[in-house]
Amino acid sequence: MSLYLKPSNVMNTYFRIAIPTPLRRHFDYLAPTSFATEKVQLGVRVRVSFGRQTLIGILLDIVQETDVPAEKLKPVMEVLDEQPVFDSELLQLLRWCAQYYHHPIGEVMQNALPVKLRQGATTHIKGIKRWQLTAEGEKVEPQSLKRAAKQIALLSDLKKTPSGLFDSQLNESHVGWRPVMKRLQEKGWVTTIEENALPVAQAINTAPLLNHYQQQAIDRVNQKLDQFNAYMLEGVTGSGKTEVYLQIIENMIRQGKQALVLVPEIGLTPQLLDRFMKRLNGRIAIMHSGLNDEERLQAWLNTRVGLADVIIGTRSAVFSPLLRPGIIIIDEEHDLSFKQQDGFRYSARDLAVKRARDLNIPIVLGSATPSLETLHNAFQGRYETLLLPERAGNAEPPAIHLLDVRSQKMEHGLSAQLLHKIKEHLERDSQVLLFLNRRGFAPVLMCHECGWHALCPRCDAHMTLHQKSSRLRCHHCGTEQYLPSVCPQCESKDLLQMGFGTERIEQALTELFPQFQVIRIDRDSTRRKGSMQKLLNEINNGKKQILIGTQMLAKGHHFPNVTLVGMLNADHGLYSADFRASERMGQLILQVAGRAGREEKKGEVLIQTHHPEYPLFKPLLKHDYSAFAKALIEERQQTELPPFSHLALLRAEAVDQQSPMIFLEQARLLLEQHIQGEVILMGPFPALMERRAGRYRAQLLVQANSRAVLQGLFASSITQIENHKTAKKVRWSIDIDPLDLL
Ligand code: ADP
Ligand code: ZN
Ligand code: ZN
């Protein structure tokens, strides 16, 4: 089908446009007068007046009929592009998204565009400034600079990156780099170049000799490159999955095709990029939130015209325009960050599979701990399984043990056994990683005299005590208060700090092991730009021996000298209201365990629990994720939960308590009228935490055994729900295939 449309009679021609509004519909406008003489392609941006605003929309269609009355029709003000910003493949994908996720098409389209294009920027490809060493600078030995530590660091990094560094990269890794760079420039050692925004990868490092499993996985994928095929690459942590991706991508580049690589938000680390840059030959487009809008735009534009050979990005990169698509790879496919949790709630993983199918190209879903959905697809034969059962190189998997802490004397949340082990490993010159999924000092502050609790004024939740900043902070809405010195209710000074957060463990460990250095990695300690990189450097150059952190530390990192991993509390996931909690707990345990003993030294993992009898621990202790997952899949089958049924969640919130429930009750009535097939409606119920950030929240869960039935139900009722008068009093949303039900 050609999208190229000939000019015709402008008077009876209407542009059908996706406009970024919360309404689930498109809008018709009169064709612009220029249309009489100029061709216009579908997928271009157009400027229109909308109410009192001027907005930028996407041309979906050109039609000869409209049901908008003639007196209400307005002309399109301007066509912004000659070449469409979305080609027919993306346009179709986005239309499908709007339908499948029942989300307003204008918002869907806007979501897929770089911010600058949403604002009307031109699609002109520009050069972007990069910093590079001059020939003179190449000759300088960084260490010869002696006392100028910042110059040494910059110079070394520039040396490592012959293609040059962008401002945004420098912001990430060198706090306050500008004056230092200026000094280097004055010495004639660095210069700026402005050229194509995409860094060029150069294979400096050679590939390791592949083991049998890696080779087999690569061969299987490379055998059938010209058709859709989904592969689940299940490889224990450190089994060399990244190496497999690299070689598949290498082959793609040789064939002149593009590889799209999606990684979790936390996975797009400088180390990973460095690895790609040093093993591949080609242009690499990087799409992540650390880029500024201009860099992001240029990466996108370059990709669109086919200049990028490899596109590496987080969730939203699934919408990258691909001129010569070859393969899609998703790393850590189980990761929750692939699901957008607000606004247009899509799953980048699911969309990637859909897109690969439409493009008729292969897709690889890699993980040490695949999601149950993906495993189920593999068990059903819809995905091919590629296994990497062993760690690559010489590293052995760590031994995992439970520490039964029932009735044990605990010191700051640490059992005597764990403390003993920490000491043992530290004395062997190894590093120790402790994991606790709770930041701050203590999760509860309570008065011993009268029982007062520090509660968030805007949420149904406790305020977390942050001692370093002397604040109470709500982790749900961000509200902050000064730490009271006396009980606000009875003025007693006897305030109890209950429970443990990473800050408190950090303090305790510093006291318990004064001869060692403790480092904390969580959202609080990594808030500033570049701080994460700094902390990781301190870990890898051995300056810090004890690492305490939240799940930020659990994923992807390679700490060669960590031999002991301690999980301070594994019990959150065991008996939770969320049916996915045990799946996540198992994934977390194995991912955390994956940080131990990644090189020569053997690793050990200790898990503190009050429920050592919990049956699903057994397979995990043996690193048998498959057995663990099979047990959970059976449980899901018996309880008819996903992937054995399909869910949608309607959420509503308002400043008053009644409106969300009233709206959802009406929504339920409307849904009931349209049910065709087996559907279960649950609720509406108030959310588990009913009040958050000053708003009351409620939800209605819809479950169906068939996806088609669920889709049909919303397709026939969503407009009525949207237009219902009770909808005006709430903020509401629909979440198809929700991951978070609470
Ligand atoms: P994963 O992505 O599965 O965690 P990586 O690809 O990061 O695994 O590999 C883990 C470590 O093993 C890395 O240091 C990598 O360089 C190394 N490695 C990978 N494949 C091999 C191999 N075939 N031989 C030796 N070392 C390897
Ligand atoms: Zn009190
Ligand atoms: Zn709050």
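Residues numbered from 1 in each chain as written. Chains lettered and ligands numbered in written order. Predicted model: local features only at pLDDT ≥ 70, side-chain atom pairs only at ≥ 80, totals over all residues. Heavy atoms only, no water.

Trainee: I tried to follow the overall build of the chain on my own but got confused; where do I start?
Mentor: A tally of helices and strands in the chain yields 21 helices and 34 strands. Compactness check: the chain gives a C-alpha radius of gyration of 28 Å against a globular reference of 27 Å for 742 residues, within 12% of the reference. Its C-alpha atoms give the chain principal-axis dimensions of roughly 85 × 70 × 55 Å. Residues counted as buried form 55% of the 742 residues belonging to the chain. (Helix = DSSP H or I, 4+ residues; strand = E, 2+ residues; numbered from the N terminus. Rg over C-alpha atoms; globule rule 2.2 N^0.38 Å. Buried < 20%, exposed > 50% of the residue type's maximum accessible area, 1.4 Å probe, protein only.)

Trainee: So what exactly am I meant to see when it comes to the sheet that holds strand E7 (residues 78-79) here?
Mentor: An order of E3-E2-E6-E5-E7 is seen for the five strands of this open sheet, with the pairing classed as antiparallel. The sheet terminates laterally at strand E3 (27-30) and E7, the two strands that pair on one side only. In the sheet, strand E5 (residues 45-50) pairs with E7 via two bridges, with the strands oriented antiparallel. Counterpart to Val 46 in the pairing with E7 is Val 79. (Pairing = 2+ DSSP bridges.)

Trainee: What am I meant to see in the coordination of the zinc ion (ligand 2) here?
Mentor: For a metal with four tetrahedral donors the ideal donor-metal-donor angle is 109.5 degrees, whereas six octahedral donors ideally subtend 90 or 180 degrees. Bound to the zinc ion (ligand 2) are the protein donor atoms Cys 447 (SG), Cys 450 (SG), Cys 487 (SG) and Cys 490 (SG), situated 2.2 to 2.4 Å from the metal. The coordination sphere of the zinc ion (ligand 2) comprises four donor atoms, whose angles at the metal cover 104 to 113 degrees; the geometry is tetrahedral. We classify Cys 490 as partly exposed; its relative accessible area is 32%. (Donors = N, O, S within 2.8 Å, 3.2 Å for Na, K, Ca; no water. Tetrahedral: all angles 85-135°; square planar, octahedral: opposite > 155°, others 65-115°.)

Trainee: Help me understand the layout of surface pockets in this model?
Mentor: Which parts of space are left empty comes out when a probe the size of a water molecule is rolled across the atoms. If you add up the space inside the second largest pocket, you get close to 440 Å³. Around the second largest pocket, the lining is made up of 17 residues, and of these Arg 24, Arg 95, Ala 98, Gln 99 and Ile 105 lie nearest the centre. Among the elements of the structure, helix H1 (88-100) and helix H21 (707-723) are those that each provide at least two residues to the lining of the second largest pocket. The residue makeup of the lining of the second largest pocket, split by class, is eight nonpolar, six polar and three charged. (1 Å grid on protein atoms, 1.4 Å probe; cavity = no way out; pocket = protein on both sides within 12 Å on 5 of 7 lines; lining within 4 Å. Points joined across faces, edges and corners; volume = space filled by probe spheres on them. Nonpolar A, V, L, I, M, F, W, Y, C, P; charged D, E, K, R; others polar.)

Trainee: Would you mind showing me how to read the site of ligand 1 here?
Mentor: The full set close to ligand 1 counts 16 residues, and Leu 209, Gln 214, Lys 241, Thr 242 and Arg 275 are the nearest of them. The contact in question runs from an oxygen atom of ligand 1 to an N or O atom on the backbone of Lys 241, over 2.9 Å. Within the contact set of ligand 1, an oxygen atom lies 2.6 Å away from a side-chain nitrogen or oxygen of Thr 242. Burial of ligand 1 by the protein chains amounts to 75% of its free accessible area of 560 Å². Top contributing element to the shell around ligand 1 by residue count: helix H9 (residues 241-254), with three residues. Broken down by class, the residue content of the shell around ligand 1 amounts to five nonpolar, seven polar and four charged. (Near = heavy atom within 4 Å. Polar contact = N/O pair within 3.5 Å; in protein donor to acceptor, adjacent residues only side chain to side chain. Areas by Shrake-Rupley, 256 points an atom, 1.4 Å probe, with all protein chains shown as cover.)

Trainee: Would you mind showing me how to read the pairing of strand E11 (residues 229-235) here?
Mentor: When you tally the buried positions in E11, you get seven out of seven residues, the bulk of the element. Burial along E11 is two-sided: Asn 229, Tyr 231, Leu 233 and Gly 235 and Ala 230, Met 232 and Glu 234, pointing in opposite directions, are all buried. Two strands pair when backbone bridges link them, and E11 and strand E16 (residues 362-367) are joined in this way by six bridges, in the parallel orientation. The partner of Leu 233 across the bridge, within E16, is Gly 366.

Trainee: What exactly am I supposed to notice about the environment of Glu 82 here?
Mentor: Summarising the element assignment, Glu 82 is placed in the loop between E7 and H1. Apart from the residues lying within four places of it in its own chain, the contact partners of Glu 82 are Gln 41 and Val 44. (Contact = heavy atoms within 4.5 Å.)

Trainee: I would appreciate a short explanation of the coordination of the zinc ion (ligand 3) in the present structure.
Mentor: Cys 456 (SG), Cys 459 (SG), Cys 474 (SG) and Cys 477 (SG) make up the full set of protein donors to the zinc ion (ligand 3), lying at 2.2 to 2.3 Å. One way to put it: the four donor atoms around the zinc ion (ligand 3) meet at angles of 105 to 114 degrees, and that makes the site tetrahedral. Here the donor residues of the zinc ion (ligand 3) are spaced in sequence according to C-x2-C-x14-C-x2-C. Here the two residues Cys 456 and Cys 459 agree in accessibility, since each one is buried.

Trainee: I tried to follow the pairing of strand E6 (residues 53-63) on my own but got confused; where do I start?
Mentor: Regular strands place their side chains on alternate faces of the sheet. Taking burial as the measure, the 11 residues of E6 include eight buried ones, the bulk of the element. Note that strand E2 (residues 14-18) and E6 share five bridges and pair antiparallel. By the bridge assignment, Ala 18 is partnered in E6 with Ile 58. Linking two consecutive strands that pair antiparallel, namely E5 and E6, is a turn of two residues; a positive phi of about 60 degrees is found at Gly 51 within it.

Trainee: Would you mind showing me how to read the sheet that holds strand E18 (residues 399-404) here?
Mentor: In sheet architecture, strand pairing relies on hydrogen bonds along the backbone and comes in two forms, parallel and antiparallel. Taken in spatial order, the six strands line up as E18-E30-E29-E21-E28-E27 in an open sheet, and their pairing is parallel. Two strands lie at the open edges of the sheet, namely E18 and strand E27 (518-521), each paired on one side alone. Strand-to-strand, the axes of this sheet are offset by a mean angle of 20 degrees, without reference to chain direction. Two elements, E27 and strand E28 (residues 546-549), share four bridges in a ladder whose sense is parallel. (Axes fitted to C-alpha atoms, helices over the stretch in contact; angles between N-to-C directions.)

Trainee: What should I look at first to understand the nonpolar core in this one?
Mentor: Side chains of a nonpolar character, in soluble globular proteins, are inclined to be buried together. Among the nonpolar cores identified, the biggest contains 135 residues, and Phe 15, Phe 86, Phe 319 and Leu 650 are the most heavily contacted of them. It is H1 that contributes the most residues to this core, seven residues altogether. Apart from residues lying up to four places away in sequence, Phe 86 is in contact with Leu 42, Gly 43, Ile 58, Leu 91, Leu 94, Met 109, Ala 112, Leu 113 and Trp 300. Of all hydrophobic cores here, the second largest spans 33 residues; its members include Val 221, Ile 248, Val 263 and Ile 284. (Core = buried A, V, L, I, M, F, W, Y, C linked by side-chain atoms within 4.5 Å.)

Trainee: Sorry, what's going on with a nonpolar patch on the surface here?
Mentor: A surface patch of nonpolar side chains, about 210 Å² in accessible area, is lined by Ile 125, Val 305 and Leu 307. For Val 305, the location among the structural elements is in the loop between helix H11 (293-304) and strand E14 (310-313). By relative accessible area, Val 305 is classed as partly exposed at 42%. (Patch = residues over 30% accessible without salt bridge, like charges linked within 9 Å, V, L, I, M, F, W, Y side chains within 5 Å. Salt bridge = Lys/Arg side-chain N within 4 Å of Asp/Glu carboxyl O.)

Trainee: What's the story with H1 in this structure? I'm lost.
Mentor: Residues separated by three or four positions in an α-helix point in the same direction, a consequence of the helix having 3.6 residues per turn. Compared with an ideal rise of 1.5 Å per residue, which puts 13 residues at 18 Å, H1 spans 18 Å between its outermost C-alpha atoms and is within 8% of the ideal. Every buried residue belonging to H1 is among Glu 89, Leu 90, Leu 91, Leu 93, Leu 94, Cys 97, Ala 98 and Tyr 100, and all of these are buried. Packing partners of the buried residues in H1 comprise E6, helix H2 (105-111), helix H12 (348-359), H21 and strand E34 (731-736). Where H1 ends, the next residue or the one after it, His 102, has phi of about 50 degrees, a positive value. (Expected span 1.5 Å × (residues − 1).)

Trainee: Would you explain the packing of aromatic side chains in this entry?
Mentor: Aromatic ring pairs are defined here through the distance separating the ring centres and the angle between the ring planes. Evaluation of the coordinates by the stated rule reveals 11 aromatic pairs. Aromatic side chains Tyr 614 and Phe 617 sit 5.5 Å apart centroid to centroid with 75 degrees between the ring planes, which places their arrangement in the edge-to-face category. Phe 617 shares its class with Tyr 614; the two are buried. Taken together, a centroid distance of 5.8 Å and an interplanar angle of 40 degrees make the contact between Tyr 625 and Phe 628 tilted. Taken together, the positions of Tyr 625 and Phe 628, both in helix H19 (residues 625-638) and three residues apart, correspond to about one turn of that helix. You can call Phe 628 buried: its relative accessible area is 0%. Every member of this aromatic cluster is reached through a ring pair, and the members are Trp 96, Tyr 100, Tyr 101, Phe 319, Phe 344 and Tyr 346. (Phe/Tyr/Trp six-rings, centres within 6.5 Å; stacked < 30°, edge-to-face > 60°.)

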